[in-house]
Amino acid sequence: MLEPEITAEAFSMLRQQPNAPLLLDVREPWEYQTAHLPDSTLIPMGDIPSRAHTELDPDAPIVVLCHHGARSLSVTMWLRNQGFDHVQSLAGGIDGWSRSIDPTIPRY
């Protein structure tokens, strides 16, 4: 099974490949409006239990994103317990992405 977390650097390379993982943003709408990565899908953490099984493919690779990595890791582990075996959390969240990959993404 995949490691629970993926680094920003490793995900940056994966995003450039064909069939890149779905990027699942689990922050609140105001956070998403403040800063988000292109082609991400917003499902706030509180909505995951009611929406995951109807909106996400349990067989597809998914990378979960939040602000610093705590919420995304929690969602990753919940999804894995639900049978989503190809889910990883983006270590450091969007803040880490902004610091190490793309400084044009606003920090908050």
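Cut-off values and rules
- Residues numbered from 1 in each chain as written.
- Predicted model: local features only at pLDDT ≥ 70, side-chain atom pairs only at ≥ 80, totals over all residues.
- Heavy atoms only, no water.
- Helix = DSSP H or I, 4+ residues; strand = E, 2+ residues; numbered from the N terminus.
- Rg over C-alpha atoms; globule rule 2.2 N^0.38 Å.
- Buried < 20%, exposed > 50% of the residue type's maximum accessible area, 1.4 Å probe, protein only.
- Axes fitted to C-alpha atoms, helices over the stretch in contact; angles between N-to-C directions.
- Parallel < 35°, antiparallel > 145°, perpendicular 65-115°, else oblique.
- Left-handed = near helix turned anticlockwise from the far one by under 90°.
- Contact = heavy atoms within 4.5 Å.
- Salt bridge = Lys/Arg side-chain N within 4 Å of Asp/Glu carboxyl O.
- Core = buried A, V, L, I, M, F, W, Y, C linked by side-chain atoms within 4.5 Å.

If you check an unreviewed UniProt entry, the chain appears there as Rhodanese-related sulfurtransferase from Tunturiibacter lichenicola.

**Here we look at the overall build of the chain**
In terms of helices and strands, the chain carries five helices and five strands. Walking the chain from its N terminus toward its C terminus, one meets helices and strands in the order β-α-β-α-β-α-β-α-β-α. Computed over its C-alpha atoms, the radius of gyration of the chain comes to 13 Å, within 12% of the 13 Å expected for a compact globule of 108 residues. Expressed along its principal axes, the backbone C-alpha trace of the chain runs to roughly 35 × 30 × 20 Å. The proportion of buried residues among the 108 residues of the chain is 41%.

**As for the packing of helix H3 (residues 48-55) against helix H4 (residues 70-81)**
Remark: H3 packs on H4, axes separated minimally by 12 Å, with the N-to-C direction vectors making an angle of 55 degrees. On the basis of the axis angle, H3 is oblique to H4. Here the hand of the crossing between H3 and H4 comes out right-handed. Touching Ile48, Pro49, Ala52 and His53 of H3 are Val75, Trp78 and Leu79, all from H4.

**What about the pattern of salt bridges?**
Applying the stated criterion across every chain, the model contains six salt bridges. The salt bridge involving Asp47 is made with Arg51; its shortest N-O contact spans 3.6 Å. The shortest N-O distance in the salt bridge between Arg51 and Glu55 comes to 2.7 Å. Taken as a pair, Arg51 and Glu55 lie in helix H3 at a separation of four residues, close to a single helical turn. On the basis of relative accessibility, which here comes to 43%, the residue Glu55 falls in the partly exposed class.

**Notes on the nonpolar core**
Nonpolar side chains tend to gather and get buried jointly when the protein is soluble and globular. Leu24, Ile48, Leu56, Val64 and Leu79 are the most contacted members of the largest nonpolar core, which has 13 residues in total. Looking at this core, the elements that each hand over two or more residues are H3, strand E4 (62-65) and H4. Counting residues in each nonpolar core, the second largest holds twelve residues, with Ala8, Leu23, Leu65 and Ile94 among its members.

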